[in-house]
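Breakdown of the fold
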Amino acid sequence: MTVPTVIEENSNRECHRAKWWRLHVIGLTVEQLAELTGYSTMAIYLMERGINSSGHLVKPWAWQRYKMACAGAVHGREFNWS
């Protein structure tokens, strides 16, 4: 298991916060989160890198949609990765 760097832990970048949340807050694998959200594993890997399938930065509306899917995946638990 790779331990996040200090930069990733304290970063304001959405992609690092999303990955930190998945690994350390809810403790799910990419495959488990994909099953719960309906996102493909590749889409989750790309979101956690902050890029889309074209290699461009993820747009704010796409982050909002992804956050809502993740919040739905933890139904009943508090959701906050910021």
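Residues numbered from 1 in each chain as written. Predicted model: local features only at pLDDT ≥ 70, side-chain atom pairs only at ≥ 80, totals over all residues. Heavy atoms only, no water.

1. Quick notes on the pattern of salt bridges
Our working rule: Salt bridge, as used here: a side-chain nitrogen of Lys or Arg that lies within 4 Å of a carboxyl oxygen of Asp or Glu. Where helices and strands are cited, they refer to DSSP runs of H or I of at least four residues and of E of at least two residues respectively, numbered from the N terminus. Residue exposure (1.4 Å probe, protein chains only): buried if accessible area is under 20% of the type maximum, exposed if over 50%, otherwise partly exposed.
Taken as a whole and assessed by the stated rule, the structure comprises 3 salt bridges. Note that Lys 67 is salt-bridged to Glu 14, the shortest N-O span being 3.0 Å. Of the two residues, Lys 67 is situated in helix 5 (residues 60–73) and Glu 14 in helix 2 (residues 14–25); the sequence distance between them amounts to 53 residues. Owing to a relative accessible area of 24%, Lys 67 belongs among the partly exposed residues under this scheme.

2. Focus: the confidence of the model for the protein
What counts, and what does not: In predicted models, pLDDT denotes the confidence assigned by the predictor to each residue on a 0 to 100 scale.
The predicted model of the protein has a mean per-residue pLDDT of 86, with 84% of residues at 70 or higher. Mean pLDDT values for the elements of the protein range from 48 in helix 1 (residues 6–10) up to 97 in helix 4 (residues 41–47).

3. So, the packing of helix 3 (residues 30–37) against helix 5
Stated formally: To obtain an axis, a line is fitted to C-alpha atoms, over the contacting stretch when the element is a helix, and the angle between two such axes runs from 0 to 180 degrees between their N-to-C directions. Oblique is the label for any angle not covered by the other classes, which are roughly parallel (under 35 degrees), roughly antiparallel (over 145) and roughly perpendicular (65 to 115). Contacts: residue pairs with any heavy atoms within 4.5 Å of one another. Gly counts as polar in this scheme, as do all residues outside two lists: the nonpolar Ala, Val, Leu, Ile, Met, Phe, Trp, Tyr, Cys and Pro, and the charged Asp, Glu, Lys and Arg.
The interhelical angle for the contact between helix 3 and helix 5, taken along N-to-C directions, is 95°, at an axis separation of 9 Å. Considered as vectors, helix 3 and helix 5 are oriented roughly perpendicular to each other. On helix 5, the residues touching Leu 33, Leu 36 and Thr 37 of helix 3 are Tyr 66, Ala 69, Cys 70 and Ala 73. Here the residues of the contact of helix 3 with helix 5 are counted per class, giving 6 nonpolar, 1 polar and no charged.

4. Section: the environment of Thr 37
Using the following cut-off: Here a polar contact means two N or O atoms within 3.5 Å. Within protein one must be a hydrogen donor candidate and the other an acceptor candidate, and residues neighboring in sequence count only if both atoms are side-chain atoms.
Mapped onto the fold, Thr 37 is located in helix 3. Here the alpha-carbon distance between Thr 37 and Lys 67, two residues 30 residues apart in the chain, equals 10.0 Å. In this structure Thr 37 touches Ile 44, Ala 69, Cys 70 and Ala 73, once residues within four positions along its chain are discounted. One polar contact links the side chain of Thr 37 to the main-chain carbonyl oxygen of Leu 33, over a distance of 2.8 Å. A polar contact is formed between the side chain of Thr 37 and the backbone nitrogen of Tyr 39, at a distance of 3.2 Å.

5. Re the packing of helix 2 against helix 5
Axis separation between helix 2 and helix 5 bottoms out at 12 Å; the angle between their running directions is 10°. Comparing the axis directions of helix 2 and helix 5 gives the class roughly parallel. For the pair helix 2 and helix 5, contact is made by Glu 14, Cys 15, Ala 18 and Trp 21 and by Trp 63, Tyr 66, Lys 67 and Cys 70, respectively. Tallied by class, the residues present in the contact of helix 2 with helix 5 amount to 6 nonpolar, no polar and 2 charged.

6. Some points on helix 2
Turning to helix 2, its buried residues number three or more, namely Glu 14, Cys 15, Arg 17, Ala 18, Trp 21 and Arg 22. Buried-residue contacts for helix 2 involve helix 3, helix 4 and helix 5. Following helix 2 by one or two positions, Gly 27 has its phi on the positive side, about 60°.

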